[in-house]
Amino acid sequence: MTGRLEGKVIAITGAGSGMGRAFAVALAREGAAVGVLDVDEAAARGTVEAVAAAGGRALAASADVSRREQVSAALEQVTGELGDLDVMFNNAGFNRPMHLLDVTEENWRSIMEVNALGCLIGIQEAAKLMIAAGHGGKIVNTASIAGRQGYPNFAPYSASKAAVISLTQAAARGLAEHGITCNAFAPGVVGTPLWDRLDEDLLAMGVSQRPGQAMADFGSDILRGRVATPQDIAGTALYLASDDSDYLTGQVVMIDGGMVLV
């Protein structure tokens, strides 16, 4: 621990598991007080326990990121107990794969509401608090390699993550005058509950023939030779939350082990 985030208050959506949980623990170890937001309140409390076990400080709050009133209430809870918001991670997201020609309006809307609308609401509600506090801040969004290129079984997800990238650029321009930066990072294949579910769904769709095959096949072109762990991404999250990234805004950091070279 180097204390790079000492005194910072950071909120992370989707922090009940996967990358969000890894971020919460890693950032708390660097001195941040962390607001753990998740639609699953029990999962959020589990992350708070993991943070406490690592010697950090965190607060659990329940929020569906597609519901503005819930996000606003959760952030008010975080700032009321931990202090003014310095960094917001819009990390919550999900995917339900379908063959391109089978994608339904319900599938499209459910993914876009969480991944795209949820990101917009998170940007807006965090920025309002930062502007009111008058000290600027950082907003970090979870994009994906699927936001850089489309995948036929992940069409709505790909579109939602392309929207995250565009929202990141729009927010960087729109919030610069308030001293707020906005960046994103784009993971590839990460061993999280999201990918466990994707593996099951793709097996059921007939895209793969055995458990684990979909993840292995999808990650076969990773130059680093393996899929990522959440901890592999945590260092990038720390950089984007810290003062080291003060001059960076409107950018997407590819952290995919070398799957997409742009």
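Note that the structure is a prediction, hence the values are computed from the model and not measured.

In this structure, the largest pocket spans a volume of roughly 880 Å³. Along the wall of the largest pocket there are 41 residues; nearest its centre are Asn91, Ala92, Gly93, Phe94 and Leu194. Those elements giving two or more residues to the lining of the largest pocket turn out to be α1 (18-29), β2 (33-38), α5 (155-175) and α6 (193-205). Here the element with the most residues in the lining of the largest pocket is α6; it accounts for five residues. Split by residue class, the lining of the largest pocket holds 22 nonpolar, 13 polar and six charged.

Tallying each qualifying case throughout the model produces seven aromatic pairs. Summarising the aromatic geometry, the rings of Phe23 and Phe89 are spaced 5.8 Å apart at their centres and angled 50° between planes, so their arrangement reads as tilted. Taken as a pair, Phe23 in helix α1 and Phe89 in strand β4 (residues 87-90) lie far apart in primary sequence, 66 residues in all. On the basis of relative accessible area, Phe23 is assigned to the buried category, the value being 0%. An aromatic cluster of three or more residues is present, and its members are Tyr151, Phe154, Trp195 and Phe218.

What follows is about the nonpolar core. Grouped burial of nonpolar side chains is what soluble globular proteins tend to show. Judged by nonpolar contacts, the single largest core of 35 residues is most densely connected at Leu37, Leu75, Leu85, Met88, Met130, Ile139 and Leu175. In this view, Leu85 contacts Val9, Ile10, Ala11, Leu75, Thr79, Ala126, Leu129, Met130 and His135; residues no more than four positions away in its chain are not counted. Grouped together as the second largest cluster of nonpolar side chains are 30 residues, Val25, Val51, Phe185 and Val190 included.

For the pair helix α4 (residues 105-133) and α5, interaxial distance at closest approach is 9 Å and the crossing angle is 15°. Of the possible angle classes, the one that applies to α4 and α5 is roughly parallel. Of the two possible hands of crossing, α4 and α5 adopt the one that is right-handed. The segment α4 lies against α5, with Asn107, Trp108, Ile111, Met112, Asn115, Ala116, Cys119, Leu120, Ile123 and Ala127 engaging Pro156, Tyr157, Ala159, Ser160, Lys161, Ala163, Val164, Leu167, Ala171 and Leu175. Residue composition of the contact of α4 with α5, by class: 16 nonpolar, three polar and one charged.

For the chain, the assigned domains read domain 1 (9-188 + 230-254) and domain 2 (191-227). For domain 1 versus domain 2, the separation of C-alpha centres amounts to 24 Å. Roughly 1,100 Å² of surface becomes buried between domain 1 and domain 2 when both sides are summed, with 69% attributable to carbon and sulfur atoms. When residues of domain 1 are sorted by the area they lose upon contact with domain 2, Arg96, Pro97 and Phe154 head the list and together hold 36% of the total. Joining domain 1 to domain 2, the criterion identifies one salt bridge. For the interface between domain 1 and domain 2, the tally reads one residue pair in polar contact (both at pLDDT 80 or more).

Per the stated rule, a full pass over the model turns up zero disulfides. Looking at the unpaired Cys119, the closest cysteine sulfur is the one in Cys182, lying at 6.9 Å. For Cys119, a relative accessible area of 3% translates into the label buried. Given the relative accessible area of 0%, Cys182 is considered buried.

This part takes up the pattern of salt bridges. Scanning all chains against the criterion turns up nine salt bridges. Salt-bridge contacts for Arg68 lead to Glu125; the nearest nitrogen and oxygen are separated by 2.8 Å. Of the two residues, Arg68 sits in helix α3 (residues 68-82) while Glu125 sits in helix α4, which places them 57 residues apart along the sequence. Given the relative accessible area of 8%, Glu125 is considered buried. The structure contains a network of salt bridges with shared partners spanning Arg68, Glu125 and Lys128.

For the rest of this paragraph, the subject is the sheet that holds strand β6 (residues 180-187). One open sheet accounts for seven strands, arranged β3-β2-β1-β4-β5-β6-β7; its pairing is parallel. Because the sheet does not close on itself, it has two edges, and the strands there are β3 (57-62) and β7 (252-255). Put simply, the sheet's adjacent strands are angled 20° from each other on average, direction ignored. Pairing of β6 with β7, which is carried by four bridges, proceeds in the parallel orientation. Of the residues in β7, the one forming a bridge with Phe185 is Val253.

Rules and cut-offs
Residues numbered from 1 in each chain as written. Predicted model: local features only at pLDDT ≥ 70, side-chain atom pairs only at ≥ 80, totals over all residues. Heavy atoms only, no water. 1 Å grid on protein atoms, 1.4 Å probe; cavity = no way out; pocket = protein on both sides within 12 Å on 5 of 7 lines; lining within 4 Å. Points joined across faces, edges and corners; volume = space filled by probe spheres on them. Helix = DSSP H or I, 4+ residues; strand = E, 2+ residues; numbered from the N terminus. Nonpolar A, V, L, I, M, F, W, Y, C, P; charged D, E, K, R; others polar. Phe/Tyr/Trp six-rings, centres within 6.5 Å; stacked < 30°, edge-to-face > 60°. Buried < 20%, exposed > 50% of the residue type's maximum accessible area, 1.4 Å probe, protein only. Core = buried A, V, L, I, M, F, W, Y, C linked by side-chain atoms within 4.5 Å. Contact = heavy atoms within 4.5 Å. Axes fitted to C-alpha atoms, helices over the stretch in contact; angles between N-to-C directions. Parallel < 35°, antiparallel > 145°, perpendicular 65-115°, else oblique. Left-handed = near helix turned anticlockwise from the far one by under 90°. Domains from an automatic or database assignment. Buried area = accessible area lost by both parts, 1.4 Å probe. Salt bridge = Lys/Arg side-chain N within 4 Å of Asp/Glu carboxyl O. Polar contact = N/O pair within 3.5 Å; in protein donor to acceptor, adjacent residues only side chain to side chain. Disulfide = S-S within 2.5 Å. Pairing = 2+ DSSP bridges.

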